[in-house]
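Commentary on secondary and tertiary structure
Residue-level listing of the chains:
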Amino acid sequence: MTLNIAEVVKQLIRLVYGLSPYFWVDRFLKHKEFSHEPNSEAWQSLRNKRLLLSEFYILFSLFAAVTLWVLSTTIGLWVWLSLFMMLRILGIINKELGVILFGICKITEGTAVSASGRVIVLALVNYFSAMFLFAALYQTIGNFADVPVYLDQAWPLSALFQSMAIHFTLSGAFVANDLMTWGIVTSQGAFCFAFGTMILSLFVSLLNFKPLKP
């Protein structure tokens with residue numbers, strides 16, 4: 001008996017995906033699809049609902065992430081909310097890994113990854129959602145040693161600047177002042193590296209290479 005590491009990873013991705021409330025709503029609609037003939041009018045209506053739900057969930061997540069960051073800079077967030085923000089960040093990278101590696105965690109499941117403009121735009125929305133979630137984490141439980149005073153005078157912006165710096169350059173703007181902050185910074189760097197690799201894979205899959213005519 002041999003260990004299939006790919007299958008273990010696949011099942012772990014499915015397990016983490018099952019923690020998302022979106023998974024259960026989409027699963028309900030997916031089971032309703034099975035009661036109709038593929039490509040029939042009723043089937044297509046349910047498929048459109050699933051696509052709309054997917055877009056709504058991703059856009060709502062971006063709005064929620066921005067709201068959490070704003071609240072963290074104004075009235076402050078409870079520390080226990082950091083756990084849910086971390087779970088959402090894990091959910092984002094887990095779903096993208098499932099799509100790229102195994103063709104799962106998406107509406108049209110299959111081994112082939114069919115990238116489209118819609119898929120890439122939604123992936124980028126997820127990327128920005130993670131950026132604001134990391135900013136809210138830094139603001140809530142982060143601690144940096146070399147933040148300029150002018151950044152936090154009118155409105156606390158250092159957490160957002162740190163998150164943006166790592167998201168766009170993979171290099172932090174400030175130095176972590178404790179182990180917790182260092183862990184978040186490292187996690188964000190790993191997230192951005194993995195996500196960037198997956199986005200490049202999606203872009204490459206959109207290319208249509210044809211031989212030059214003699």
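Scroll up to find the structure this text is about.
Remember, predicted model here, so these are calculated numbers, not experimental data.

1. A word on the packing of helix 5 (residues 117–141) against helix 6 (residues 158–169)
At a minimum axis distance of 8 Å, the contact between helix 5 and helix 6 shows a crossing angle of 140 degrees. Considering their axes alone, helix 5 and helix 6 lie oblique with respect to each other. As helix 5 runs across helix 6, the sense of the crossing is right-handed. Mapping the contact onto sequence places Tyr127, Phe128, Ala130, Met131, Phe132, Phe134, Ala135, Tyr138 and Gln139 in helix 5 and Ala159, Leu160, Gln162, Ser163, Met164, Ile166, His167 and Phe168 in helix 6. Of the residues that constitute the contact of helix 5 with helix 6, the class distribution is 13 nonpolar, four polar and no charged.

2. A few points about a nonpolar patch on the surface
Nonpolar side chains collect at one region of the surface, where Leu19, Trp78, Trp80, Leu83, Phe84, Leu87 and Leu90 lie side by side and expose about 830 Å² of accessible area between them. Judged by relative accessible area, Leu19 falls into the exposed class, the value being 64%.

3. Regarding the pattern of salt bridges
Tallied over the entire structure, the rule returns three salt bridges. One salt bridge connects Asp26 with Arg50, and the closest N-O pair in it is separated by 2.8 Å. With Asp26 in helix 2 (residues 21–33) and Arg50 in helix 3 (residues 41–74), this residue pair connects regions lying 24 residues apart in the sequence. We classify Asp26 as buried; its relative accessible area is 6%. The salt bridge partner of Arg50 is Glu33, with a shortest N-O separation of 3.3 Å. With a gap of 17 residues between them, Arg50 in helix 3 and Glu33 in helix 2 connect regions that are remote in the sequence. Each member of the pair, Arg50 as well as Glu33, is classed as buried. Beyond isolated ion pairs, a larger network of salt bridges with shared partners links Asp26, Glu33, Arg47 and Arg50.

4. Let's talk about helix 4 (residues 81–102)
Between its first and last C-alpha atoms helix 4 spans 31 Å; for 22 residues at 1.5 Å apiece the expected length is 32 Å, and the two agree. Where helix 4 terminates, the next one or two residues include Gly103, which has phi positive at roughly 70 degrees.

5. A short note on the environment of Ile89
Tracing the backbone shows Ile89 in helix 4. Along the chain, Ile89 and Ser129 lie 40 residues apart, while their C-alpha atoms are 8.4 Å from each other. When neighbours within four sequence positions are excluded, Ile89 is seen to be in contact with Leu133, Phe134, Leu137 and Phe191.

6. Quick notes on the environment of Leu87
With respect to the helices and strands, Leu87 occurs in helix 4. Leu87 gets classed as partly exposed once you look at its relative accessible area, which sits at 42%. When the C-alpha atoms of Leu87 and Ser20 are compared, they prove to be 9.1 Å apart, with 67 residues separating the residues in sequence.

7. With respect to the side chain of Asn94
Examined against the element boundaries, Asn94 turns out to sit in helix 4. The residues contacting Asn94, other than those within four sequence positions of it, are Leu12, Ile13, Val16 and Tyr17.

8. So, unusual backbone geometry
With phi around 60 degrees, Cys105 is a residue other than glycine that occupies positive phi space. A relative accessible area of 1% places Cys105 in the buried class.

9. Focus on the side chain of Gln188
Its place among the elements puts Gln188 in helix 7 (residues 179–206). Among the polar contacts made by the side chain of Gln188, one reaches the side chain of Tyr138 at a distance of 2.6 Å. A polar atom in the side chain of Gln188 sits 2.9 Å from the backbone oxygen of Ser163. Apart from residues lying up to four places away in sequence, Gln188 is in contact with Phe134, Tyr138, Ser163, Ile166 and His167.

Cut-off values and rules
- In every chain, residue numbers begin from 1 and rise along the written sequence.
- Local features in this predicted model are restricted to residues of pLDDT 70 or higher, and side-chain atom pairs are both shown and tallied only at a pLDDT of 80 or more, whereas totals for entire chains, interfaces and linings draw on every residue.
- Side-chain metrics in this entry use all non-hydrogen atoms of the structure; hydrogen atoms and water are not considered.
- Angles run from 0 to 180 degrees between N-to-C directions of axes, and those axes are lines fitted to C-alpha atoms, restricted for helices to the stretch in contact.
- Strands here mean DSSP runs of E at least two residues long; helices mean DSSP runs of H or I at least four residues long; both are numbered from the N terminus.
- For classification purposes, angles smaller than 35 degrees are called roughly parallel, those larger than 145 roughly antiparallel, those between 65 and 115 roughly perpendicular, and all remaining angles oblique.
- For any helix crossing, the convention is left-handed if the near helix is rotated counterclockwise from the far helix by under a right angle, and right-handed if that rotation is clockwise.
- We call two residues contacting when some pair of their heavy atoms lies within 4.5 Å.
- Throughout, the ten residues Ala, Val, Leu, Ile, Met, Phe, Trp, Tyr, Cys and Pro are labelled nonpolar, Asp, Glu, Lys and Arg are labelled charged, and all others, Gly among them, are labelled polar.
- Surface patches are drawn from residues lacking salt bridges whose relative accessible area is over 30%; two like charges belong together within 9 Å, two nonpolar side chains (Val, Leu, Ile, Met, Phe, Trp, Tyr) within 5 Å.
- Accessibility throughout is a Shrake-Rupley quantity obtained with a 1.4 Å probe, and a residue counts as covered only by protein chains that appear here.
- Salt bridges are identified by distance alone: a Lys or Arg side-chain nitrogen within 4 Å of an Asp or Glu carboxyl oxygen.
- Any residue under 20% of the maximum accessible area for its type is buried, any over 50% is exposed, and the rest in between are partly exposed; the area is computed with a 1.4 Å probe on protein chains only.
- The span one expects for a helix is its residue count, reduced by one, times 1.5 Å.
- Throughout this description, a polar contact denotes any pair of N or O atoms lying within 3.5 Å of each other; where both atoms belong to protein, one of them has to be capable of donating a hydrogen while the other can accept it, and for residues adjacent in sequence the pair is counted only when both atoms sit in side chains.

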